[in-house]
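# Structural features, examined
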Amino acid sequence: MNGRVIRNSSIYLDPANTQKTPAWTRLDIGARYYFSKLLTLRANLNNALGRNYWDTDSFGQLILSDPRTFFVSATFDF
């Protein structure tokens, strides 16, 4: 089992500090199961609560959060 909580404070959008995004919190959860040394299964749920929030990317552009997303993967050793 694994989990992650991400908390971001509000972010100012302009140089005059007159507009800002609200603070947000995101919850990610997941699990991993070893069947044997040969097979591992993983499942992760990002944004488990399905909340929308505004964030900025590395260029300072305003972007909407990703929706609730479910990932499944398997690793085989041979």
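Scroll up for the structure.
This write-up is about the structure you can find in this document.

Cut-offs used in this document
- Residues numbered from 1 in each chain as written.
- Predicted model: local features only at pLDDT ≥ 70, side-chain atom pairs only at ≥ 80, totals over all residues.
- Heavy atoms only, no water.
- Helix = DSSP H or I, 4+ residues; strand = E, 2+ residues; numbered from the N terminus.
- Buried < 20%, exposed > 50% of the residue type's maximum accessible area, 1.4 Å probe, protein only.
- Contact = heavy atoms within 4.5 Å.
- Pairing = 2+ DSSP bridges.
- Axes fitted to C-alpha atoms, helices over the stretch in contact; angles between N-to-C directions.

## Quick word on the side chain of T40
Checked against the element boundaries, T40 lands in strand β5 (residues 39–46). The exposure class assigned to T40 is buried, which follows from its relative accessible area of 9%. Not counting residues within four places of it along the chain, the set of residues in contact with T40 comprises R32, Y33, Y34, S73, A74 and T75.

## A word on the sheet that holds strand β8 (residues 69–76)
Ordered by their spatial adjacency, four strands build an open sheet running β1-β4-β5-β8, and the pairing between neighbours is antiparallel. Edge positions in the sheet fall to β1 (2–8) and β8, since each of these pairs with one other strand and no more. Strand-to-strand twist of the sheet, defined as the mean angle between neighbouring strand axes without regard to direction, takes the value 15 degrees. With seven bridges connecting them, β1 and strand β4 (residues 24–34) associate as antiparallel partners. Residue pairing across strands places I6 opposite R26, the latter belonging to β4.

## Structural notes on unusual backbone geometry
Even without glycine at this site, N17 takes up a positive phi of about 55 degrees. By secondary structure assignment, the location of N17 is in the loop between β2 (11–12) and β3 (20–21). Of note in this structure, N47 is not a glycine but carries a positive phi near 55 degrees.

## Concerning the pairing of β5
As paired elements, β4 and β5 share six bridges and run antiparallel to each other. Paired with I29 across the bridge in β5 is L45. Following β4, the chain reverses through four residues before pairing antiparallel with β5. In the sheet, β5 pairs with β8 via eight bridges, with the strands oriented antiparallel. Bridge pairing in β8 links R42 to S73.

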